[in-house]
Amino acid sequence: MSTLTNRLRPTDRIVILTGAGISKESGLDTFRCAGGIWSQVDLEDVATPEGFARDPDLVHRFYNDRRRGLLDPAIQPNAAHRALAELERRWPGEVLLVTQNIDDLHERGGSAAPLHMHGELRKAFCMHCRAVTDCHGDLSVHDLCLTCGRKGGLRPDVVWFGEMPYQMERIQRALEECDLFVSVGTSGHVYPAAGFVAEARSAGAYTVELNLEPSEGASYFHSSIHGPATQVVPAFVRDMLTLV
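Calculation criteria
Residues numbered from 1 in each chain as written. Predicted model: local features only at pLDDT ≥ 70, side-chain atom pairs only at ≥ 80, totals over all residues. Heavy atoms only, no water. Helix = DSSP H or I, 4+ residues; strand = E, 2+ residues; numbered from the N terminus. Rg over C-alpha atoms; globule rule 2.2 N^0.38 Å. Buried < 20%, exposed > 50% of the residue type's maximum accessible area, 1.4 Å probe, protein only. Contact = heavy atoms within 4.5 Å. Areas by Shrake-Rupley, 256 points an atom, 1.4 Å probe, with all protein chains shown as cover. Lys, Arg positive; Asp, Glu negative; His and termini not counted. Charge placed at Lys NZ, Arg CZ, Asp CG, Glu CD. Phe/Tyr/Trp six-rings, centres within 6.5 Å; stacked < 30°, edge-to-face > 60°. Lys NZ or Arg CZ within 6 Å of the ring centre and 35° of its normal. Pairing = 2+ DSSP bridges.

## Digging into the overall build of the protein chain
And then number 1: Along the backbone of the protein chain there are 10 helices and 9 strands.
And then number 2: A compact globule built from 244 residues should have a C-alpha radius of gyration of about 18 Å, and the protein chain, at 18 Å, falls within 12% of that.
And then number 3: Across the 244 residues in the protein chain, those meeting the buried criterion constitute 48%.
And then number 4: Put simply, 66% of the contacts in the protein chain that link residues at least 6 apart link residues at least 24 apart.
And then number 5: Approximately 11,600 Å² of the protein chain is accessible, and the part contributed by carbon and sulfur atoms is 49%.
And then number 6: Charged side chains of the protein chain number 24 positive and 32 negative; the gap between the two group centres comes to 3 Å.

Take a look at the structure:
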């Protein structure tokens, strides 16, 4: 960590990428770990446009279950979410928090405007008029869009396999301009997010991995700190804020 703090200035720009590992300690299931969600269902059935076209009822049941789980009072932001929110508030330079997660734990942990590149579980997207609306309960094929009034077009506002993640132009620009890239709790398997570290490093950024274990792209990071997110992220943020 001393190498990083010696080269960073408080005005430097930071991009933080988070994945499912940061929310696992809040009680949410991850998708790719042993016993994770993709070992229980076929992603082709519930996470592709084709799966939704074949059986929208199945897809709605799957995401309704995920949404109910997120709304469980026991699911709360953890120390890692809160630490990143503190870094956003106190770091004088620009901080862009990009998350692959579709939960709202960053917001509930105090982050002002995390960029959800894979969408949000508590929002619905209308395929008829492309409106995005808040969604706090179950969705079904019988629901009417509150914007256009048509039935049968509402789906979770979640980016499925084969679809383009949100705000990629903004993310790419931030990766090209940042001085520090930090990856938290991500496996490094899912592109384009898995390629962010290589892009940031090639543009001159210092790269840090905070993860339970080395990710698929571990060799691209200048430094790595491994351990539970609730331990390594707050410690990392405390060290960063000594520069402020």
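Resuming the write-up.
## A short note on the packing of aromatic side chains
And then number 1: In total, this model carries 3 aromatic pairs according to the counting rule given.
And then number 2: Arranged with centres 4.9 Å apart and planes meeting at 90°, the rings of Phe 62 and Tyr 63 form a pair that is edge-to-face.
And then number 3: Owing to a relative accessible area of 8%, Phe 62 belongs among the buried residues under this scheme.
And then number 4: Positioned above the aromatic ring of Phe 62 is the side chain of Arg 66, whose terminal nitrogen or guanidinium carbon lies 4.6 Å from the ring centre.

## Examining unusual backbone geometry
And then number 1: Residue Pro 192 is bonded to the preceding Tyr 191 through a cis peptide linkage, with omega at 10°.
And then number 2: Locating Pro 192 in the fold gives a position in the loop between strand E7 (180–184) and helix H9 (196–202).
And then number 3: The phi dihedral of Arg 130 falls on the positive side, at around 70°, and the residue is not glycine.
And then number 4: Backbone geometry at Gln 167 places phi at a positive 55°, although glycine is not the residue there.
And then number 5: Relative to the assigned elements, Gln 167 resides in the loop between strand E6 (154–158) and helix H8 (168–177).

## Quick look at the pairing of strand E2 (residues 95–99)
And then number 1: Counting buried residues in E2 gives 5 out of 5 residues, a clear majority hidden from the surface.
And then number 2: Burial along E2 is two-sided: Val 95, Leu 97 and Thr 99 facing one way and Leu 96 and Val 98 facing the other are all buried.
And then number 3: Both strand E1 (residues 14–18) and E2 contribute to a ladder of 5 bridges, which runs parallel. Pairing of Ile 16 across the sheet is with Leu 97, part of E2.
And then number 4: Note: E2 against strand E3 (residues 115–116), 2 bridges, orientation parallel. Residue Val 98 lies in a different strand from E3, and its bridge partner there is Leu 115.

## Remarks on the side chain of His 106
And then number 1: Mapped onto the elements of the fold, His 106 is located in helix H7 (residues 105–108).
And then number 2: What makes His 106 buried here is its relative accessible area of 1%.
And then number 3: Beyond its immediate stretch of four places on either side in the chain, His 106 contacts Thr 18, Ile 22, His 81, Leu 84, Leu 97, Thr 99, Ser 111 and Pro 114.

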